[in-house]
Amino acid sequence: MVPESMSTPAETRVRLKDGSYAVLTLADVAVAALRVPEDEKYDVLAVVGGKNVPALVLVRNALRGRDPWNTNVAEMALHVLGFSILVRRRFDNVTGEPVRLTREQINNSSI
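Residues numbered from 1 in each chain as written. Predicted model: local features only at pLDDT ≥ 70, side-chain atom pairs only at ≥ 80, totals over all residues. Heavy atoms only, no water.

**Things to note about the overall build of the protein**
- A tally of regular secondary structure across the protein gives 4 helices and 5 strands.
- Overall, the protein shows an N-to-C arrangement of helices and strands of β-β-α-β-β-α-α-β-α.
- By its C-alpha atoms, the protein is 50 × 35 × 30 Å across when sized along the principal axes.
- Residues counted as buried form 28% of the 111 residues belonging to the protein.
- Taking contacts inside the protein between residues at least 6 apart in sequence as the whole, the part at least 24 apart equals 51%. (Helix = DSSP H or I, 4+ residues; strand = E, 2+ residues; numbered from the N terminus. Buried < 20%, exposed > 50% of the residue type's maximum accessible area, 1.4 Å probe, protein only. Contact = heavy atoms within 4.5 Å.)

**Topic: helix H3 (residues 71-80)**
- Among all positions of H3, only Val73, Ala74, Glu75, Ala77 and Leu78 are buried.
- On its buried side, H3 packs onto strand S1 (11-15), strand S2 (21-25), helix H1 (26-35), strand S3 (44-48), helix H2 (55-62) and strand S5 (84-87).
- After H3 finishes, the residue Gly82 shows a positive phi value of roughly 100 degrees.

**A few points about the sheet that holds S3**
- Ordered by their spatial adjacency, 3 strands build an open sheet running S4-S3-S5, and the pairing between neighbours is antiparallel. Where the open sheet ends on each side, the last strands, each with one partner, are strand S4 (51-54) and S5. Put simply, the sheet's adjacent strands are angled 35 degrees from each other on average, direction ignored.
- Its contacts with the sheet place H2 against S3 and S4, and it is angled at close to 75 degrees to S4. (Pairing = 2+ DSSP bridges. Axes fitted to C-alpha atoms, helices over the stretch in contact; angles between N-to-C directions.)

**Some remarks on the packing of aromatic side chains**
- Taken as a whole and judged by the stated rule, the model has 0 aromatic pairs.
- For Arg13, the ring lying beneath its charged end belongs to Tyr21, and the centroid distance is 4.3 Å.
- Positioned above the aromatic ring of Trp69, the side-chain terminus of Arg15 is 3.7 Å from the ring centre. (Phe/Tyr/Trp six-rings, centres within 6.5 Å; stacked < 30°, edge-to-face > 60°. Lys NZ or Arg CZ within 6 Å of the ring centre and 35° of its normal.)

**Details of the nonpolar core**
- One finds Leu24, Val29, Val48, Leu58, Leu63 and Leu78 to be the most contacted residues of the largest nonpolar core, which totals 25 residues.
- Going through the elements one at a time, S2, H1, S3, H2 and H3 are the ones with two or more residues in this core.
- When sequence neighbours within four positions are dropped, the list of residues in contact with Val29 reads Leu24, Leu58, Ala62, Leu78, Leu81 and Phe83. (Core = buried A, V, L, I, M, F, W, Y, C linked by side-chain atoms within 4.5 Å.)

**Quick notes on the side chain of Thr12**
- Note on placement: Thr12 falls in strand S1.
- Aside from chain neighbours lying at most four places away, what touches Thr12 is Ala22, Val23, Leu24, Ala77, Val80 and Leu81.

**Observations concerning the environment of Arg103**
- Within the secondary structure, Arg103 sits in helix H4 (residues 103-108).
- For the pair Arg103 and Gly50, spaced 53 residues apart in sequence, the C-alpha separation works out to 34 Å.

Pasting the structure below:
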């Protein structure tokens, strides 16, 4: 038997765009995953039931249309609930080096 401290939680808190918090449950994510199609154009995907679904869209649907604060919040909540996360890495076409955003670029980016 797995110790309780090592088991996957059934729910977690998610910060929303309006600054409030909502509870995201494993069951809500599972149901939302049935309605969210695979979409490879997103940079952060969650693996749910063998499908690669956009993490942000999945969490938004699981929260019944309420928007998580940002993609990272959605990603971390899904990770806490035990889902695998896939993140696309961008490379510079000229140098072939991974793209590194400045803090200003990150702060000014939108979801």
